[in-house]
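These are the residues of each chain, in order.
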Amino acid sequence: MIEIVLGILHWCASCAPDANSIPPAAGLLGGAAGAAGGLAGLGGLGGGAGAGTGLSPATPGASGDAGPPSSADGTGGGPGDSASPGGGASSGDGQSPAPSDGPKTITTPDGMVTTLDPNGSTTVVQNLPPADGGPFTTGPGATDPNDPQQGQQPIGFTHQILGPTSPSDPTTSLSDMPNTAHLQGTPDPAQAAPSPPASTTGPATPHTTGTSSHHPD
Amino acid sequence: MATTVSGKGADIRLAIIAGTSVTISLGAFAAGITGNLPPGVSTIVVLAGVSIGLRVAWSYAAASASSPSRAGTMLMISNAGLAISAVALLAALPRLTQSAGVRTFLIDLLAQLWTIAVLTVVAGPVRTLGWRAFAGTALTGFLAITGLARFVGRPLIENLGASNLFAVAVWVPVTEELVKLIPVAIVLALALRRTDARPSALDVMLVGAWTGAGFAVYENAALGRGSFSLWTNPALSLVVPSTGKGTAFGWPVMQTGHLVHTALIALAVAFAVLYGRRIRRAWIASAVAIGAVLLEHCSQNAMAAGDLNEVIAKATLVLTLGGWLSSTLLVAGVAYVMAFEWRIVGGAFRPADWFRLQPAEALRRSALLARAQSGGTA
């Protein structure tokens, strides 16, 4: 056989003697830890976990490059897992809807917002206030660190104070402007402070299936 | 508020499940080491435990889509997981390298990393995954995939012998190639659940390459071999310096090994899975790649076992181009897919993005790739 076959290696991990090998259980434990570590690096595939691992210019001290940041605008959708808040428009089978034709806004945990045009070009990158401990703690600009939509610009809100009207005249209170709060009667400084809108037309919130709705807590 | 509370509740549930599964796995491992459980039973319990733990990690990764606190936790889990795995690797080295020494191990490691570096540079313009994914994959290939392969292959080798043709040339190659595809399957499964962000086929090829590299380094260390040469085989050694060169029945045989085998299957399967909508006959590439790798792996193991008929051996050498088939298909496949995906991402030579992937660029690429893979315009 020596004259017939020379220097041919066989690819067989099972042929290694036990004395030179790691017990399978030990290998599985160590390898599983590595696999868990690698899952975070899958970026957008895993639902965006890699977004927090990257080299964003706004993330001092981060090391290594990263997977794609996640979509936080509700259009991307998580894998449809029951624990996933990422998919405002996810269907129950875990499939996200087809990409829309409009610009897409993606927010990373460090507050960097990237707007992707339909042609694939990245057109806007800006830094919003930090997700945690930002300047907006109350009012319409408030951000909740646990809110899957956090990091986006607050939904537009205008505050309009109408002049004195007669309470018996219903026509004076009519206005169908969206995202607009209306007060009637004499302006009251106490009431003139901004208050949360009763309804919004923003992106879908988690646990909805694509319809635009708002559920005040 | 309700969402926040339910999110914390889900996190707590996931943490409890993960903690329980890890505890049971560690307990089973300890019981196996101390002899309180048969090694096979211990391994099965550990396998079940780590599978549940990884499923939890998957769920948590999905849930961290848009939550900074969860993304931060996932980063911490990633650091801890990679660190634990790296420590496990270092702890295993004295045992693994006792037959050929650390020097041979390092030479082989360098040879595998050389090929990985070449593939990474080539895939640079369309890459979307970061280093954590590949580091985790390599450690998984080195520790877990080899453990699983030995778990299913070792009993047959022990019972039938290392020269048994079925055990060495059929059972072991088929099971090894299957288990090496587990990380590839996980990445593809995650990718298919998204339509807004997808990896490139070359990303998946790199996942396969890292898995194969980890597997090969372990196997070569355990069997006491390893080499690095840029000149042994003309042209081929420049890309795969670990390539072996032998003779069978007077005919030369090139041997590229696990890295090339797994990278080739991963590339072909990824191309078929990701672009199946766009190119209806992409599955043919998978069939050809799997057939080529199995033919090469099985026939070379059979020759090494010394039990293969001369006519059959020479026939397989002709079919596998003397061992060049897998590497030739890999080079051709990478070149084709590179050109294909380069057009999708609107390729341009930008050295900064080529070598150092920035999140915004990864996002741009993955969105364009997702659109192309979903059947949209490139």
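Here is what the cut-offs are and how they apply
- Residues numbered from 1 in each chain as written.
- Chains lettered and ligands numbered in written order.
- Predicted model: local features only at pLDDT ≥ 70, side-chain atom pairs only at ≥ 80, totals over all residues.
- Heavy atoms only, no water.
- Helix = DSSP H or I, 4+ residues; strand = E, 2+ residues; numbered from the N terminus.
- Buried < 20%, exposed > 50% of the residue type's maximum accessible area, 1.4 Å probe, protein only.
- Contact = heavy atoms within 4.5 Å.
- Areas by Shrake-Rupley, 256 points an atom, 1.4 Å probe, with all protein chains shown as cover.
- Expected span 1.5 Å × (residues − 1).
- pLDDT = per-residue confidence, 0-100.
- Axes fitted to C-alpha atoms, helices over the stretch in contact; angles between N-to-C directions.
- Left-handed = near helix turned anticlockwise from the far one by under 90°.
- Nonpolar A, V, L, I, M, F, W, Y, C, P; charged D, E, K, R; others polar.
- Pairing = 2+ DSSP bridges.
- Salt bridge = Lys/Arg side-chain N within 4 Å of Asp/Glu carboxyl O.
- Phe/Tyr/Trp six-rings, centres within 6.5 Å; stacked < 30°, edge-to-face > 60°.
- Lys NZ or Arg CZ within 6 Å of the ring centre and 35° of its normal.
- Patch = residues over 30% accessible without salt bridge, like charges linked within 9 Å, V, L, I, M, F, W, Y side chains within 5 Å.

A. Representation of the overall build of chain A in the model. Within chain A, the regular secondary structure consists of 1 helix and 6 strands. Listed by position from the N terminus, the elements making up chain A come as β-α-β-β-β-β-β. Burial analysis of chain A (217 residues in total) assigns 44% to the buried set. Considering only contacts in chain A between residues 6 or more positions apart, those separated by 24 or more positions represent 34%. Surface summary for chain A: the accessible area is close to 10000 Å², and the carbon and sulfur share equals 59%.

B. Up close: the overall build of chain B. Within chain B, the regular secondary structure consists of 15 helices and 2 strands. Structurally, chain B occupies a C-alpha span of about 75 × 60 × 35 Å along its principal axes. Out of the 378 residues belonging to chain B, those deemed buried represent 55%. Carbon together with sulfur atoms contributes 73% to the accessible area of chain B, which is approximately 14600 Å² in total.

C. Geometry of the environment of L368 of chain B. Mapping L368 of chain B onto the fold places it in helix α15 (residues 359-373). Separated by 22 residues in sequence, L368 of chain B and G346 of chain B place their C-alpha atoms 8.8 Å apart.

D. Layout of helix α1 (residues 24-39) of chain A. Given a rise of 1.5 Å per residue, 16 residues ought to cover 22 Å, and the 22 Å separating the end C-alpha atoms of α1 of chain A matches this to within 8%. Counted residue by residue, α1 of chain A has 14 buried out of 16 residues, so it is predominantly covered.

E. Region of interest: the environment of A149 of chain B. Position of A149 of chain B relative to the elements: it lies in helix α5 (residues 131-160). Taking the C-alpha atoms as reference points, A149 of chain B and P173 of chain B, 24 residues apart in sequence, are found 9.6 Å from one another. If sequence neighbours within four positions are ignored, A149 of chain B has contacts with S14 of chain A together with R154, E176, V179 and F215 of chain B.

F. Representation of the confidence of the model for chain A within the structure. Residues and elements named next belong to chain A. Overall, the predicted model of chain A reaches an average pLDDT of 50, with 18% of residues at or above 70. When mean pLDDT is compared element by element in chain A, α1 scores highest at 87, while strand β6 (residues 180-183) scores lowest at 44. Across residues 123-137 the pLDDT falls below 50, and counting only partners more than four positions away or on other chains, this stretch makes 32 contacts in the model. Low confidence marks residues 156-217, where pLDDT is under 50. Its contacts with residues over four positions away, or in another chain, come to 71 contacts.

G. Representation of the packing of helix α11 (residues 283-305) of chain B against helix α12 (residues 310-319) of chain B. Residues and elements named next belong to chain B. Where α11 meets α12, the axes come as close as 10 Å, and the angle between the chain directions of the two elements is 145°. Here α11 and α12 pass one another in a crossing that is left-handed. The segment α11 lies against α12, with L295, S299 and M303 engaging A313, T316, L317 and L319. Grouping the constituent residues of the contact of α11 with α12 by class yields 5 nonpolar, 2 polar and no charged.

H. Main features of the sheet that holds strand β2 (residues 251-255) of chain B. Pairing in this open sheet of 3 strands is antiparallel, and the strands run β1(A)-β1(B)-β2(B) from one edge to the other. Strands with a single pairing partner mark the edges of an open sheet, and in this sheet they are β1 (5-6) of chain A together with β2 of chain B. Here β1 of chain A runs beside strand β1 (residues 244-248) of chain B; their pairing, made up of 2 bridges, is antiparallel. The residue of β1 of chain B that forms the bridge with V5 of chain A is A248 of chain B.

I. Spatial organisation of helix α13 (residues 325-344) of chain B. For α13 of chain B, which comprises 20 residues, the first-to-last C-alpha distance of 28 Å matches the rise-based estimate of 28 Å (1.5 Å per residue) to within 8%. Within α13 of chain B, the full set of buried residues consists of L325, S326, S327, L330, G333, V334, V337, M338, F340, E341 and I344 of chain B.

J. Spatial organisation of the pattern of salt bridges. Scanning the entire structure with this criterion turns up 9 salt bridges over all chains. Residue R364 of chain B pairs with E361 of chain B through a salt bridge whose shortest N-O separation is 2.9 Å. Remark: E361 of chain B and R364 of chain B occur in helix α15; sequence separation between them is 3 residues, near one turn of the helix. Of the residues examined, E361 of chain B reaches a relative accessible area of 10% and is grouped as buried. Each of D18 of chain A together with R150, R154 and E158 of chain B takes part in a single network of salt bridges with overlapping partners.

K. Geometry of the packing of aromatic side chains. All names here are of chain B. Counted according to the given criterion, the structure contains 7 aromatic pairs over all chains. Ring centres 5.6 Å apart and planes at 80° place the aromatic pair W114 and F228 in the edge-to-face group. Residue W114 is located in helix α4 (residues 101-123), and its partner F228 is located in the loop between α8 (201-222) and α9 (236-239); the two are separated by 114 residues in the primary sequence. Residue class for W114 comes out partly exposed when judged on its relative accessible area of 33%. Grouping aromatic residues by their ring pairs yields a cluster made of F271, Y275, Y336 and F340. The aromatic ring of F215 is capped on one face by K180, whose charged end is 5.5 Å from the ring centroid.

L. Just a nonpolar patch on the surface, in detail. Residues and elements named next belong to chain B. The grouping of L160, F166, V170, W171, V174 and L178 at the surface amounts to a nonpolar patch, some 520 Å² of accessible area in total. It is helix α6 (residues 165-180) that contributes the most residues to the nonpolar patch, 5 residues altogether. Structurally, V174 can be placed in helix α6.

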